[in-house]
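The chain contents come next:
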Amino acid sequence: MERITLLLCANMTGEEKLPVFVIGKSKQPRSFPKDLSKLPVRYRNSANTWMTGFLFKEWLYEWDIKLKIQDRRFLLLVDNCTAHPAVDDLQMITLKFLPPNTTSLLQPMDMGVIKNFKGHYRFRLNHRNCKS
């Protein structure tokens, strides 16, 4: 059994969603195409499949560049986790960190979005396994 980490990001209404950021263990998983840019998700690898401060900053900087091209600004609510460091030099994104120990109560993505995503994923996975 392989473990992965997902980063999900959407606006408050759910109308605008960023591509899912998937963190896996393997640098080039065998089941993925050679060109990872062809995936419908953003994929990176990490030794323990966890989000790291480096990967989080990399993701933020890439999104910030896209927002600058579109001339759009965002306020991003982020849970208080060591893998989510403060980044001061973003031009189009303002980070606001939730207070410690309130993530399960306040984090918008925990309010059903992640549960819903997992449910759809499991349904598709089971549906795919039934066809085999």
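The protein chain goes by Tigger transposable element-derived protein in an unreviewed UniProt entry, where it is assigned to Elysia marginata.

Asker: An account of the sheet that holds strand β1 (residues 5-7) is requested, with residue identities and associated values reported.
Answerer: Strand order in the open sheet formed by 3 strands is β1-β2-β3, with mixed pairing between adjacent strands. Every interior strand has two partners, whereas the edge strands, β1 and β3 (42-45), have only one. The mean inter-strand angle of the sheet, taken between neighbouring strand axes irrespective of direction, is 20 degrees. For β1 and strand β2 (residues 21-24), the ladder comprises 3 bridges, and the chain directions are antiparallel. Looking at β2, one finds that L6 is bridged to V22. In the packing of helix α1 (residues 53-70) onto the sheet, contacts are made with β1, β2 and β3, and the angle to β3 comes to roughly 155 degrees.

Asker: Can you tell me about the nonpolar core, naming the residues and giving the values?
Answerer: Core analysis: the largest hydrophobic core is formed by 20 residues, its most contacted members being M51, W59, L60, W63, L76, I93 and L95. Elements with a minimum of two residues in this core: β2, α1, β4 (74-78) and β5 (93-97). Among the elements that take part in this core, α1 stands out by supplying 6 residues, more than any other. With residues near it in sequence (within four places) discarded, W63 still touches C9, L18, F74, L76 and I93.

Asker: Hey, could you go over the side chain of T5 for me, with residue numbers and the actual values?
Answerer: As for its position among the elements, T5 is in strand β1. When near neighbours in sequence (up to four residues on either side) are disregarded, T5 contacts F21, V22, I23, T49, W50 and M51.

Rules of the game
- Counting of residues starts from 1 at the beginning of each chain's written sequence and follows it residue by residue.
- Since the coordinates come from a predicted model, pLDDT governs what is reported: local features require at least 70, and pairs of side-chain atoms require 80 or more to be given and counted, while whole-chain, interface and lining totals use all residues.
- Only hydrogens and water are set aside; all other atoms, that is, all heavy atoms of the structure, feed into the side-chain values.
- Pairs of strands are assigned from DSSP output, requiring at least two bridges between the strands.
- Here a helix means four or more residues in a row that DSSP labels H or I, a strand means two or more in a row labelled E, and each is numbered from the N terminus.
- Think of each axis as a best-fit line through the C-alpha atoms, taken over the contacting stretch in the case of a helix, with angles from 0 to 180 degrees between the N-to-C directions.
- The contact criterion used is simple: two residues touch if any of their non-hydrogen atoms lie within 4.5 Å.
- Definition of nonpolar core: a set of buried residues of the types Ala, Val, Leu, Ile, Met, Phe, Trp, Tyr and Cys, connected through side-chain atoms within 4.5 Å.
- Burial classification: accessible surface area is computed with a 1.4 Å probe over protein chains only, and a residue below 20% of its type maximum counts as buried, one above 50% as exposed, and the rest as partly exposed.

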